[in-house]
Amino acid sequence: MTVRNLTILGSTGSIGVSTLDVIRQHSDKYRVIALCGHHQIDRLFDQCLEFKPDYAVVRDEVLAKQIAGRLLAAGSATRVEHGPDALVRMASLPEVDTVMAAIVGAAGLPPTFAAAIAGKKILLANKEALVMAGPVFMRAVRENAAVLLPIDSEHNAIFQSLPFDYTGNLEKSGISGILLTASGGPFRSRALADLANVTPEQACAHPNWVMGQKISVDSATMMNKGLEVIEAHWLFNVPADKIQVVIHPQSVIHSLVQYVDGSVIAELGNPDMRTPIAHALAYPDRISAGVEPLNIFDIATLNFERPDFERFPCLGLAYRALREAGNSPATMNAANEVAVQAFLERKIPFTAISAIIAKVMNVLPPKTADSLDEILAADSLAREVASGLITELQADE
Ligand code: NDP
Ligand code: MG
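Residues numbered from 1 in each chain as written. Chains lettered and ligands numbered in written order. Predicted model: local features only at pLDDT ≥ 70, side-chain atom pairs only at ≥ 80, totals over all residues. Heavy atoms only, no water.

### So, the overall build of the protein
- In terms of regular secondary structure, the protein is built from 16 helices and eleven strands.
- Its C-alpha atoms give the protein a radius of gyration of 21 Å, near enough to 21 Å, the size a compact globule of 397 residues would have.
- Expressed along its principal axes, the backbone C-alpha trace of the protein runs to roughly 55 × 55 × 45 Å.
- For the protein, the proportion of its 397 residues judged to be buried stands at 54%.
- For the protein, contacts bridging at least 24 residues in sequence account for 70% of all contacts bridging at least 6.
- As presented, the protein carries roughly 17100 Å² of accessible surface, and 53% of it is formed by carbon and sulfur atoms.
- Distance from the positive charge centre (33 side chains) to the negative charge centre (44 side chains) of the protein: 2 Å. (Helix = DSSP H or I, 4+ residues; strand = E, 2+ residues; numbered from the N terminus. Rg over C-alpha atoms; globule rule 2.2 N^0.38 Å. Buried < 20%, exposed > 50% of the residue type's maximum accessible area, 1.4 Å probe, protein only. Contact = heavy atoms within 4.5 Å. Areas by Shrake-Rupley, 256 points an atom, 1.4 Å probe, with all protein chains shown as cover. Lys, Arg positive; Asp, Glu negative; His and termini not counted. Charge placed at Lys NZ, Arg CZ, Asp CG, Glu CD.)

In structure tokens, the structure reads:
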């Protein structure tokens, strides 16, 4: 196996830390060229001393000066850069062959898109990038012979359950549909009337996965599953009506592919993101991930339920955005990011998240979007409208 040279976008986050944990176990196979954090410079400093990247990136000049001074004093040769343009540069470095895209939210789109344009192998955790820019992103991947491997556990499971030579043609491969599993999050069985009063702490206490705050809230509203329906549509060329969401509270089956002959192929494992990360890092080989083997005798029972679209309106909004196409998914995604942030800052109740997204989608009818610029314009406009609605809502209180 040749040594792979990596840029890690979002190295200081939950996926970034898990990625470095897998790499630590296989330091003969992977070399870290660039580590990109944002504001957590203490964590980035430790990562730089351990993995000795050529470059480190942080949010702004002030943080860059701070960490550069500390690195120099510690005898490190890592060069520090800052800001969004530096992220794009790191994703396109000629010496880098693999980019882990693990920035959260729309901020990850420009560097992940740059990795596609530069023809890199992209390990995609940053689902928002694909949701926002679906057709434009997939075109960039195709035209530049980039390789896109899913890190999201469900999509990684689907990828592993599809035929090895799957080309995006369901019929040719005898596939009748995809079952996308969802844990249902912390509020799956909470009384509907209580949802208006749940706190950010309760929303972030996910029953099975330890994740960043934004995706934790997305799991609680099930917008995460909505984003994943759109992600699955673009990754595997599956129409929305062939993607069924299944509530599976144990998170042991990570998703399933149904075939016309009645076979159903699934991937199972303990809920630990190091499994899909190791799979994508080594693909098509296999490496150990440091994950406990699944003990099927301990699991004993697996449950499945249909999702409740009334309890989780975000799921319906995501199917709507996929149907509307154009810039609608970017609009929905931006409104969601702004509303989730406002909920985390205790400015709006949990139940206002879906209400705000629906209003933004109603105010901004879908338009075609064939370029990154058009998508980023839809993102900014939706952020502006969502912020206005949040201010109005606070004034009404
Ligand atoms: P975290 O919040 O833990 O980490 C986010 C990372 O992005 C951090 O490194 C953060 O830097 C960086 N970051 C945040 N804002 C910016 C910005 N404006 N510019 C540049 N970098 C930024 O998130 P997760 O690791 O949980 O999630 C990352 C992505 O992976 C998300 O898209 C999520 O949906 C997806 N994902 C995550 C899973 C999980 O289990 N965690 C599972 C499946 C998908 P800093 O912390 O230094 O500020
Ligand atoms: Mg997932």
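Next comes the rest of the description.
### Points about the site of ligand 1
- In the vicinity of ligand 1 lie 24 residues, with Thr-12, His-39, Gln-40, Glu-128 and Gly-212 positioned nearest.
- Gly-13 places a main-chain nitrogen or oxygen 3.0 Å from an oxygen atom of ligand 1.
- In the environment of ligand 1, an oxygen atom lies 3.4 Å from a nitrogen or oxygen atom belonging to the backbone of Ala-125.
- Calculation on ligand 1 without its partners gives an accessible area of 900 Å², and the protein chains cover 87% of this total.
- Every element with two or more residues in the shell around ligand 1 is listed here: helix H1 (14-24) and helix H6 (127-143).
- The two domains that each donate at least three residues to the shell around ligand 1 are domain 1 (4-150) and domain 2 (153-270 + 302-317). (Near = heavy atom within 4 Å. Polar contact = N/O pair within 3.5 Å; in protein donor to acceptor, adjacent residues only side chain to side chain. Domains from an automatic or database assignment.)

### What to know about the sheet that holds strand E6 (residues 121-124)
- Across the sheet, seven strands lie side by side as E4-E3-E2-E1-E5-E6-E7; this open sheet has parallel pairing. On the outer flanks of this sheet lie strand E4 (79-82) and strand E7 (147-150), each paired with one strand and no other. Within this sheet the neighbouring strands show an average axis-to-axis angle of 25 degrees, counted without direction.
- Helix-sheet contacts for H1 involve strand E1 (4-9), strand E2 (30-36) and strand E5 (98-101), and the interaxial angle to E1 is about 160 degrees.
- Across the face of the sheet, helix H5 (residues 109-117) comes into contact with E1, E5 and E6 while running at roughly 150 degrees to E6. (Pairing = 2+ DSSP bridges. Axes fitted to C-alpha atoms, helices over the stretch in contact; angles between N-to-C directions.)

### A closer look at the coordination of the magnesium ion (ligand 2)
- Coordination of the magnesium ion (ligand 2) by the protein is provided by Asp-152 (OD), Glu-154 (OE) and Glu-228 (OE), with metal-donor distances spanning 2.1 to 2.2 Å.
- Donor residues for the magnesium ion (ligand 2), ordered by position in the chain, follow D-x1-E-x73-E.
- Accessibility expressed as a relative area gives 8% for Asp-152, which makes it buried.
- Residue Glu-154 is classed as buried on the basis of its relative accessible area of 8%. (Donors = N, O, S within 2.8 Å, 3.2 Å for Na, K, Ca; no water.)

### Some remarks on the domain arrangement of the protein
- Under the domain assignment used here, the protein contains domain 1 (4-150), domain 2 (153-270 + 302-317) and domain 3 (325-397).
- Look at where the C-alpha atoms of domain 2 and domain 3 centre, and you get two points 23 Å apart.
- The interface is formed by 21 residues belonging to domain 2 together with 17 residues belonging to domain 3.
- Contact between domain 2 and domain 3 buries roughly 1600 Å² in total, counting both sides, with carbon and sulfur atoms accounting for 78%.
- Here domain 2 and domain 3 share one salt bridge between them.
- The closest approach of N and O atoms between Arg-346 and Glu-201, which form a salt bridge, is 2.4 Å.
- Seen at the junction of domain 2 and domain 3, the total is two residue pairs in polar contact (both at pLDDT 80 or more).
- Contributions of two or more residues to the side of domain 2 that touches domain 3 are made by helix H8 (200-204), helix H9 (213-221), helix H10 (223-236) and helix H13 (313-324).
- Per-element accounting of the side of domain 2 that touches domain 3 gives the leading share, six residues, to H9.
- In the side of domain 2 that touches domain 3, the residues fall into 15 nonpolar, three polar and three charged. (Buried area = accessible area lost by both parts, 1.4 Å probe. Salt bridge = Lys/Arg side-chain N within 4 Å of Asp/Glu carboxyl O. Nonpolar A, V, L, I, M, F, W, Y, C, P; charged D, E, K, R; others polar.)

### Section: the side chain of Glu-267
- Tracing the backbone through its elements, the reader meets Glu-267 in strand E11 (residues 264-268).
- Within the buried core, Glu-267 has no salt-bridge partner, and the shortest N-O distance to an opposite charge, that of Arg-286, equals 6.4 Å.
- Side chain to side chain, Glu-267 and His-254 meet in a polar contact 2.8 Å long.
- If sequence neighbours within four positions are ignored, Glu-267 has contacts with Ala-157, Gln-160, Ser-161, Val-252, Ile-253, His-254, Ser-255 and Thr-275.

### Description of the state of the cysteines
- Applying the stated criterion across every chain yields a total of zero disulfides.
- This cysteine, Cys-314, is not joined by any disulfide, and Cys-204 carries the nearest cysteine sulfur, 15 Å off. (Disulfide = S-S within 2.5 Å.)

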